[in-house]
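Breakdown of the fold
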Amino acid sequence: MTAYKRDDLLAFALALLTRAGLPEDKAAVVAELLVQTDEMGVTTHGVSLIPYYLPELTGGTMTTEGTHEVVQDRKVTMVWDGNYLPGHWLMQQALDTCMTRAGEFGMAALSMRRAHHIGCLSTLTRIAAEQGFVCYIATSDPSGNWVAPFGGTEPLLTPNPWAVGYPTDGHPVLIDTCASITTVSKVRELVNTGVEFTHPWMLTAEGQPTTDPTVVNTQPKGSIMPVGGADHGHKGFAMAVMVEMLTQGLSGHGRAENVTRWGGNVFLQVIDPEAFGGREGFVREVSHLGDLCRANRPIDPGRPVRMPGDRANEALAASRAGEVRLPAEIATRLATCAADFNVPMPAEVSLT
């Protein structure tokens, strides 16, 4: 692991994004949310994404100017067209809008087409959960083909992540998962480091389970397995179909349009517990459930039961001294970007 001061890493991310052509107001939001993601310990979706964003910016496939288009607005439900603008920047606005309307109407839902990649979902749901809301986010990429439908051999779907965040009497619960057994970012990380998966989470082009992540680079192309793998992959496949229905069906834009541009279709729902059984009762119930789960006798005494979000909270606590830790592989790729864009790398600090 390599460690950097938070402010230095944030300034570095901002410099790379602006040097690649993203206006500073948009770049500031993207850089901040990427660093927050690293602080939560989700380093596959933090500043490690910048090397993938930079060619999108310089090539014009991530839009830099303008704002979203409101396709439909019925107050409680909305459809936006993101025009392939930076996903983090769009999602900050979408969250602000939905939280305001959920406070007024009890809930609000927004389906967005043609955003660019929106990053780590739990970073986003945490924003709403810390303000007392329940937040659900799902995303898919109509141009992507990484996951074969259960029983098939040809990659068709994206990992189709979805996440839920909600408040408790402590830190928020942050459920963040996907319909595939692993993520594209993790596959890329292992391809870059030459490491194989511990378990057979990939599928060869012939339909055979494998631990080799490089099957995504073969011709014909291999794929990532849906959640459940070779045994119960129908469950992950069902989740994937649900996510694409919410993100592409409700937005009225998706695979039927033969999309070729990397992007993110999004479904966002924000709920105010006060509009249901009341915020106090909500927090009491979900906090009690969390206590019961953590108190459950563990299989391994050294590994007590965790609630989703516990690990992220621990990582955030460790980062509050202003230090962000990154795997060496990510630092190496960022150094290449730094050289390409003539931006100095931030100074490393000693691991504490």
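Below is a summary of the structure that appears in this document. Please read all numbers here as calculations on a predicted model, not as lab measurements.

Examining unusual backbone geometry
- The omega torsion of the bond from glutamine 219 to proline 220 falls at -5°, within 30 degrees of zero and hence cis.
- By the element assignment, proline 220 lies in the loop between β9 (209–210) and β10 (223–224).
- Positive phi outside glycine occurs at lysine 75, with the angle close to 75°.
- Looking at where lysine 75 falls in the secondary structure, it is placed in the loop between β2 (69–73) and β3 (77–81).
- A positive phi is found at asparagine 258, a non-glycine position, where the angle reads about 55°.
- Position of asparagine 258 among the secondary structure elements: in the loop between α7 (229–249) and β11 (264–271).

Quick notes on the packing of aromatic side chains
- Going through the model one piece at a time under the given rule, you end up with five aromatic pairs.
- By way of ring pairs, the aromatic residues Tyr136, Trp162 and Phe267 are connected into one cluster.
- The ring of tryptophan 89 has lysine 26 lying over it, and the distance from NZ or CZ to the ring centre is 4.5 Å.
- The positively charged end of lysine 221 is found above the aromatic ring belonging to tryptophan 146, 4.2 Å away from the centroid.

Analysis parameters
Residues numbered from 1 in each chain as written. Predicted model: local features only at pLDDT ≥ 70, side-chain atom pairs only at ≥ 80, totals over all residues. Heavy atoms only, no water. Helix = DSSP H or I, 4+ residues; strand = E, 2+ residues; numbered from the N terminus. Phe/Tyr/Trp six-rings, centres within 6.5 Å; stacked < 30°, edge-to-face > 60°. Lys NZ or Arg CZ within 6 Å of the ring centre and 35° of its normal.

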